[in-house]
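Okay, here's what each chain looks like letter by letter:
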Amino acid sequence: SVNAPAGQASFIIGSSTATYLMLDSLGQLGIGTSSPSALFSVAGSGYLTGGLGVGIATTTNGVLQTSGNAFIGSNLFVSGSATSTNLYINNKLGIGTTTPFALLSVNAPANTHSFVIGSSTNTYFIVDKNGNVGVGGTTTPSTTFGLVGSQYLTGGLGIGVLNTIAGTLQTS
């Protein structure tokens, strides 16, 4: 037991210019810092050969597990091999919203398209910033639903009326 006066370190490994490990008078442990800001503070990179549990114990190597929320400050990257990369979400996913109402809810900021399959130069499907849907190569659907290219329908087509007769066009 080491009792240090208030404001002084109880235990230090390091030198006058570099602190490697420090236990302050409040019981806060610092690695790579002379001023730990929480019960356990690390300054610099770390490497774990096992798993890391936050609020929960984990014994699975390479797993970061939390019993609550995980907030990522910028980007989240998921990588692996072509056969082993999976992102599993057990509930609703909100993009641009903290209150998703469906399995996938997208609330795009102003002047941003909501959803795109493809790229800016080769678009297969798009929901634009106005809610218009484009299929077949358009990046700027000008109506509620826009198709580009030839179309093939196996059922009937109704304009203003429901049509269930295959191979026919009905209008209201």
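Calculation rules
For every chain, the first residue of the written sequence is number 1, and numbering continues from 1 along that sequence. Totals for whole chains, interfaces and linings use all residues, but because this is a predicted model, local features are given only for residues with pLDDT of at least 70 and pairs of side-chain atoms are given and counted only at 80 or more. Calculated side-chain values reflect all of the structure's heavy atoms, with hydrogen atoms and water omitted. Each helix is a run of DSSP H or I of at least 4 residues and each strand a run of E of at least 2, with the numbering of both proceeding from the N terminus. Type-normalised accessible area, obtained with a 1.4 Å probe on protein chains alone, sets the label of each residue: buried when under 20%, exposed when over 50%, and partly exposed for intermediate values. Any pair of nitrogen or oxygen atoms within 3.5 Å is treated as a polar contact; in protein, a donor-acceptor pairing is required on top of that, and neighbouring residues in sequence qualify only through side-chain atoms on both sides. Two residues form a contact once any of their heavy atoms are found within 4.5 Å. Two strands are counted as paired when DSSP detects at least two bridges linking them. Note on geometry: axes are C-alpha line fits, over the in-contact stretch for helices, and angles between N-to-C directions span 0 to 180 degrees. Only Phe, Tyr and Trp rings take part, Trp by its six-membered ring, and two of them pair if their centres are within 6.5 Å. Stacked means planes under 30 degrees apart, edge-to-face means over 60, and tilted covers everything else.

**Q** It is not clear to me how the side chain of Asn132 should be interpreted in this structure. Could you clarify?
**A** Following the sequence through the fold, Asn132 ends up in the loop between β10 (123-127) and β11 (133-135). For Asn132, a relative accessible area of 14% puts it in the buried group. Within polar-contact distance, the side chain of Asn132 engages the backbone oxygen of Pro141 at 3.4 Å. Contacts of Asn132, omitting those with residues within four sequence positions, involve Ile126, Val127, Pro141, Ser142, Thr143 and Thr144.

**Q** How should I be thinking about the pairing of strand β2 (residues 19-24) in this particular structure?
**A** The two faces of a sheet get side chains in turn, since along a regular strand they alternate between them. Of the strand pairs in this sheet, strand β1 (residues 9-14) and β2 are connected by 5 bridges, and their pairing is antiparallel. The residue bridging Phe11 from the neighbouring strand is Leu23, located in β2. Where β2 lies against strand β3 (residues 29-31), 3 bridges are found, and the strand directions are antiparallel. From the neighbouring strand, Met22 faces β3, where its bridge partner is Gly30. Once β2 ends, the chain turns through 4 residues before running back antiparallel as β3, passing Gly27 with a positive phi of about 85°.

**Q** In this structure, what is going on with the sheet that holds β10? I would like to understand it.
**A** Note: strands within a sheet are paired through backbone hydrogen bonds, in either parallel or antiparallel orientation. One open sheet accounts for 4 strands, arranged β9-β10-β11-β12; its pairing is mixed. Strands at the two margins of the open sheet, each flanked by one partner only, are β9 (115-118) and β12 (145-147). Averaged over all neighbouring strand pairs, the angle between strand axes comes to 10°, with direction disregarded. The pairing of β9 with β10 spans 4 bridges and is antiparallel. What sits directly across from Gly118, in β10, is Thr123.

**Q** I keep staring at the side chain of Ser105 and nothing clicks. Help me out?
**A** Its place among the elements puts Ser105 in strand β8 (residues 104-106). Residue classification places Ser105 among the buried residues on the basis of a relative accessible area of 4%. Here Ala102 takes part through its backbone nitrogen, which lies 3.1 Å from a polar atom of the side chain of Ser105. Excluding residues within four positions of it along the chain, Ser105 makes contact with Leu93, Gly94, Ile95, Thr97 and Pro100.

**Q** Would you mind showing me how to read the environment of Asn75 here?
**A** Along the chain, Asn75 falls in the loop between β6 (64-66) and β7 (93-95). By relative accessible area, which is 53% here, Asn75 ends up exposed. For the pair formed by Asn75 and Phe145, sequence separation is 70 residues and the distance between their alpha carbons is 33 Å.

**Q** I would appreciate a short explanation of unusual backbone geometry in the present structure.
**A** Excluding glycine, residues mostly have negative phi values, and the peptide bonds linking residues are mostly trans. Unusually for a residue other than glycine, Asn111 sits at a positive phi of about 65°. Relative to the elements of secondary structure, Asn111 occurs in the loop between β8 and β9. On the basis of relative accessibility, which here comes to 66%, the residue Asn111 falls in the exposed class.

**Q** What exactly am I supposed to notice about the packing of aromatic side chains here?
**A** Aromatic rings considered in pairs are described by the distance between their centres and by the relative angle of their planes. Summed over the entire model, instances satisfying the criterion amount to 1 aromatic pair. Where Phe115 meets Phe125, the ring centres are 6.2 Å apart and the plane angle is 70°; that geometry is what we call edge-to-face. Of the two residues, Phe115 sits in strand β9 while Phe125 sits in strand β10, which places them 10 residues apart along the sequence. When its relative accessible area of 27% is taken as the criterion, Phe125 is described as partly exposed.

**Q** What exactly am I supposed to notice about the sheet that holds β2 here?
**A** What the 4 strands build is an open sheet, ordered β1-β2-β3-β4; its pairing is mixed. At either end of the open sheet lies a strand with only one pairing partner, and these are β1 and β4 (40-42). Between one strand and the next, the sheet's axes are offset by a mean angle of 10°, whatever the strand orientation.

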